[in-house]
Amino acid sequence: MLIQLTEEQKMLRDMAREFTRNEIAPRDKWMDDNGFDWDLCKKITEAGFMGANIPEQYGGGGGGIVDTTIIAQEFAKGSASIATFMGGHWLASNLILENGTEEQRQKYMPEAVSGKIFAFGLTEAGAGSDAAGIKSQAVETEDGWLLNGSKAWITNSGVADYYIILAMTDPEQGTAGISAFILPKDAEGLAVGKFEEKMGVRGSATCELAFNNIKLPKEALLGVRGKGFKMAMQTLDIGRISAAAVCAGISEHAMNLAKAYANERTAFGKPIKAFQGLAFRFADMYAEIKAMELLAYEAATTKDAGGRCTLDAAAAKLFATEKGIQICLQAQAVFGGNGMSKEYDIERLVRDIRVWSVMEGSTEILRMIVSGTVLSK
Ligand code: COS
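Residues numbered from 1 in each chain as written. Predicted model: local features only at pLDDT ≥ 70, side-chain atom pairs only at ≥ 80, totals over all residues. Heavy atoms only, no water.

1. Let's talk about the nonpolar core
Okay, so step 1: Counting 78 residues, the largest nonpolar core has Phe75, Ile82, Met86, Leu147, Leu183 and Ile250 as its most contacted members.
Okay, so step 2: Examining the composition of this core, we find that twelve residues originate from one element, helix 7 (residues 228–264), more than from any other.
Okay, so step 3: What Leu147 contacts, discounting residues up to four positions off in sequence, is Gln137, Ala138, Ile165, Ala167, Leu183, Phe211, Asn212, Asn213, Ile214 and Leu216.
Okay, so step 4: Leu91, Leu95, Phe118 and Leu166 belong to the second-largest nonpolar core, a separate cluster that totals 29 residues. (Core = buried A, V, L, I, M, F, W, Y, C linked by side-chain atoms within 4.5 Å. Buried < 20%, exposed > 50% of the residue type's maximum accessible area, 1.4 Å probe, protein only. Helix = DSSP H or I, 4+ residues; strand = E, 2+ residues; numbered from the N terminus. Contact = heavy atoms within 4.5 Å.)

Right under this line is the structure:
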């Protein structure tokens, strides 16, 4: 498949690139030290990126998956944390867009555009890769639902205004017994834990959530009862495309940092880029980043055309996360001892990229999905 961006998409890319250079990149180190940046979040909203995935009729940018993939990749060149934050927000708001009633869309979509933050809550302390093993439970009552349980490692938790929570409604039915609910941050009985001290993407907020007899109205149910697992899996297909593009963005950032260093640092009387052993690293980095991009955009194009992209999205993320980690390590090696120092941004990128081989489907889960499909064909 030949991937060609439209003129509008090229403009979107240039806009996201400029915004990254001017607003995002200068704040990344601050976020690494201090956590979520509310001022930057406000600027992202004002620039229209929060609603990039929302149709124009609800006030959004009307973009598809290719468009959000472009933004995610550009943002990741300045900050993996911000790309993570945006991915979580788009994923959760997209769930309402694709599965909600018209009333739900009319209520929540303009809010997502205007800066209310959304989060997608699937993972629990005892159920990560085994997503169907969640224990949170929603019991139907006369006037709504009673939610109990907990979630862990939820991107945007602690800063989100709304959570899309996956819970068991009919445990005896396995994956067909899981449903999705819209939970506002001020719901009585919702306890939000302290921010996790993570190794990387430290500017993206992550907390534990506990649900203690939370009463939700009937309208809190998102989509059809029992369809929550499928909705979550379809959403993860999109998340994995974005993850692949984010890894391409982080990798390009790492390569560019290493390039600048290789130009300026000298050894044995010449710039270190003159040594072929070092120069060849850049050939591999460039080729692998290009391949990451192509896989990500092919899956995004399939999704936008209405096709199922489970296999291609999993393959794109598998390749991008595994290669991305290697690229960041290779780029760090160009810096020699300086690569270990916090004075150089490269050490942060090495920490940031690591999370992607776990988040939104571990490498092992992705290999299961890809090998299962390839071998059954
Ligand atoms: N799109 C649409 N439907 C899907 C789907 C997808 N991508 N993936 C699975 N389904 C459907 C299946 O077709 C099946 O439907 P039927 O029962 O009608 O046949 C149903 O969902 C259950 O699928 P399956 O039997 O494959 O479920 P498993 O419990 O075996 O789980 C894996 C499959 C391991 C792939 C899933 O649990 C997974 O992706 N785990 C990783 C979770 C993850 O990425 N977590 C990251 C944190 S969230 S940010």
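2. Looking at the pattern of salt bridges
Okay, so step 1: Inspection of every chain in the model, using the stated rule, returns 25 salt bridges.
Okay, so step 2: The partner of Arg348 in a salt bridge is Asp28, with the nearest N and O atoms 2.8 Å apart. With a gap of 320 residues between them, Arg348 in helix 10 (residues 346–354) and Asp28 in helix 2 (residues 28–34) connect regions that are remote in the sequence.
Okay, so step 3: We classify Arg348 as buried; its relative accessible area is 5%. (Salt bridge = Lys/Arg side-chain N within 4 Å of Asp/Glu carboxyl O.)

3. Observations concerning helix 3 (residues 38–46)
The α-helix advances 3.6 residues per turn, and as a result positions three or four apart in sequence lie on the same side.
Okay, so step 1: For helix 3, the set of buried residues is Leu40, Cys41, Ile44 and Thr45. Along the long axis of helix 3, the arc covered by the buried residues comes to 145 degrees, so they all point the same way. Away from the buried face of helix 3 by more than 90 degrees, exposed residues Asp39, Lys42 and Glu46 are located.
Okay, so step 2: Those residues of helix 3 that are buried lie in contact with helix 1 (7–24), helix 2, helix 5 (80–99) and helix 6 (102–113).
Okay, so step 3: For helix 3, the N-terminal cap is Asp37; the gap from its side-chain oxygen to the backbone nitrogen of Asp39 is 3.1 Å.
Okay, so step 4: At the C-terminal side of helix 3, Gly48 shows a positive phi close to 90 degrees. (Arc of directions from axis to C-beta. Polar contact = N/O pair within 3.5 Å; in protein donor to acceptor, adjacent residues only side chain to side chain.)

4. Considerations on the packing of aromatic side chains
Okay, so step 1: Under the counting rule described, the total for this entry stands at 13 aromatic pairs.
Okay, so step 2: Here the aromatic rings of Phe268 and Phe275 are separated by 6.0 Å at their centres, their planes lie at 75 degrees, and the arrangement is edge-to-face.
Okay, so step 3: Judged by centre distance (5.7 Å) and plane angle (70 degrees), the ring pair of Phe335 and Tyr344 falls under edge-to-face.
Okay, so step 4: What links up through ring pairs into an aromatic cluster is the set Phe19, Phe49 and Phe75. (Phe/Tyr/Trp six-rings, centres within 6.5 Å; stacked < 30°, edge-to-face > 60°.)

5. As for the site of the ligand
Okay, so step 1: Close to the ligand lie 19 residues, the nearest being Ser129, Lys230, Asp237, Arg240 and Gly361.
Okay, so step 2: Separating a nitrogen atom of the ligand from a backbone N or O atom of Ser129 is a distance of 2.8 Å.
Okay, so step 3: One of the side-chain nitrogen or oxygen atoms of Asp237 is found 3.0 Å away from a nitrogen atom of the ligand.
Okay, so step 4: Grouping the amino acids of the shell around the ligand by side-chain chemistry returns seven nonpolar, seven polar and five charged.
Okay, so step 5: Formed jointly, the shell around the ligand draws a minimum of three residues from each of two domains, domain 2 (119–226) and domain 3 (229–376). (Near = heavy atom within 4 Å. Nonpolar A, V, L, I, M, F, W, Y, C, P; charged D, E, K, R; others polar. Domains from an automatic or database assignment.)

6. Observations regarding unusual backbone geometry
Okay, so step 1: Of note, the phi angle at Asn156 is positive, near 80 degrees, even though the residue is not glycine.
Okay, so step 2: Relative to the elements of secondary structure, Asn156 occurs in the loop between strand 3 (144–155) and strand 4 (162–168).
Okay, so step 3: In this model, Asn213 sits at a positive phi of 50 degrees, which is unusual for a non-glycine residue.
Okay, so step 4: Assignment of secondary structure puts Asn213 in strand 7 (residues 206–217).
Okay, so step 5: The class of Asn213 is partly exposed, set by a relative accessible area of 44%.

7. Re the state of the cysteines
Okay, so step 1: If you walk through the whole model with that rule in mind, you get zero disulfides.
Okay, so step 2: Take Cys247: it sits in no disulfide, and the sulfur closest to it among the cysteines is that of Cys328, at 8.3 Å.
Okay, so step 3: Judged by relative accessible area, Cys247 falls into the buried class, the value being 0%.
Okay, so step 4: For Cys328, a relative accessible area of 0% gives the class buried. (Disulfide = S-S within 2.5 Å.)

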